[in-house]
Amino acid sequence: MEEALVERFSSCLEKGERLMDEGRYGEAFEALLDALKTLGALVVYRETGMLVPAERLSGFLGKWPELEEALRKYSSLTGSEETARALREELKELKGMMSLPSSER
């Protein structure tokens, strides 16, 4: 399951990057938000062995306040160019903090 979550996370990031390059910022934001939610599910799964739906993640992210705050912040926003770019940068930081493999192949 962990491998599937890592693959989904990478796939969402790649899709978000591609959509950003195409100037489709609303769609890019949604893909990046999916990546953020998948990252939350992944860290909870690594810690507990449980697969938790995105809407319930906040109750499980006490050890990862930065991730919890990002989920809270971006889940209430819409996909403009500014928010898509900000989310992309935040995901880069969070990815490094969570010790995930690079998406570069």
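Here's a quick rundown of the structure. Along each chain, numbering runs from 1 in the same order as the chain's sequence is written. A pLDDT threshold of at least 70 governs which residues receive local features in this predicted model, and a stricter bar of 80 or more applies before side-chain atom pairs are shown or counted, although totals over entire chains, interfaces and linings include all residues. By convention in this description, side-chain values take in all heavy atoms of the structure and omit both hydrogens and water.

**A few points about the overall build of the protein chain**
Step number 1: What the protein chain contains, in helices and strands, is 4 helices and 0 strands.
Step number 2: Each helix corresponds to a stretch of at least 4 residues labelled H or I by DSSP, and each strand to a stretch of at least 2 residues labelled E; elements are numbered beginning at the N terminus. Counting from the amino terminus, helix and strand elements in the protein chain follow one another as α-α-α-α.
Step number 3: Here the globule rule is a power law, 2.2 Å times the number of residues to the power 0.38, and the radius of gyration is based on C-alpha atoms. The C-alpha radius of gyration of the protein chain comes to 13 Å, within 12% of the 13 Å expected for a compact globule of 105 residues.
Step number 4: The principal-axis extent of the C-alpha atoms belonging to the protein chain is close to 40 × 30 × 20 Å.
Step number 5: Think of it in three bands: residues with accessible area under 20% of the maximum for their type are buried, residues over 50% are exposed, and the middle band is partly exposed, with areas taken using a 1.4 Å probe on protein chains only. Counting across all 105 residues of the protein chain, residues that qualify as buried make up 39%.
Step number 6: At a minimum sequence separation of 6, the contacts of the protein chain that also span at least 24 residues come to 64%.
Step number 7: With the model as given, the accessible surface of the protein chain reaches about 6,000 Å², and the carbon-plus-sulfur share is 47%.
Step number 8: Of the side chains in the protein chain, 15 bear a positive and 21 a negative charge, and the two mean positions are spaced by 2 Å. Working rule for contacts: check all heavy atoms of both residues, and any pair within 4.5 Å makes them a contact. Calculation of accessible area relied on Shrake-Rupley with a 1.4 Å probe; when residues are assessed, cover is drawn exclusively from the protein chains displayed. When charges are counted, neither His nor the chain ends are considered; positive counts come from Lys and Arg and negative counts from Asp and Glu. One atom stands in for each charge, and that atom is NZ of Lys, CZ of Arg, CG of Asp or CD of Glu.

**What to know about the nonpolar core**
For soluble globular proteins, nonpolar side chains are generally found buried alongside one another.
Step number 1: Residues Leu36, Leu39, Leu61, Leu67, Leu87 and Leu91 are the most contacted members of the largest nonpolar core, which totals 28 residues.
Step number 2: With 10 residues, the single largest contributor to this core is helix H2 (residues 25-48).
Step number 3: Apart from the residues within four sequence positions on either side, Leu67 is in contact with Leu36, Leu39, Gly40, Val43, Leu61, Leu94 and Met98. Nine residue types can take part in a nonpolar core, namely buried Ala, Val, Leu, Ile, Met, Phe, Trp, Tyr and Cys, and a core is a set of them joined through side-chain atoms within 4.5 Å.

**Here we look at helix H3 (residues 65-75)**
Step number 1: Restricting attention to buried positions, one finds in H3 the residues Leu67, Glu68, Ala70, Leu71 and Tyr74. All buried residues of H3 project into a common sector of 160 degrees when viewed along the axis, lining one side.
Step number 2: Of the surrounding secondary structure, the elements contacted by the buried residues of H3 are H2 and helix H4 (81-97). Note: the arc covers the axis-to-C-beta directions of the helix.

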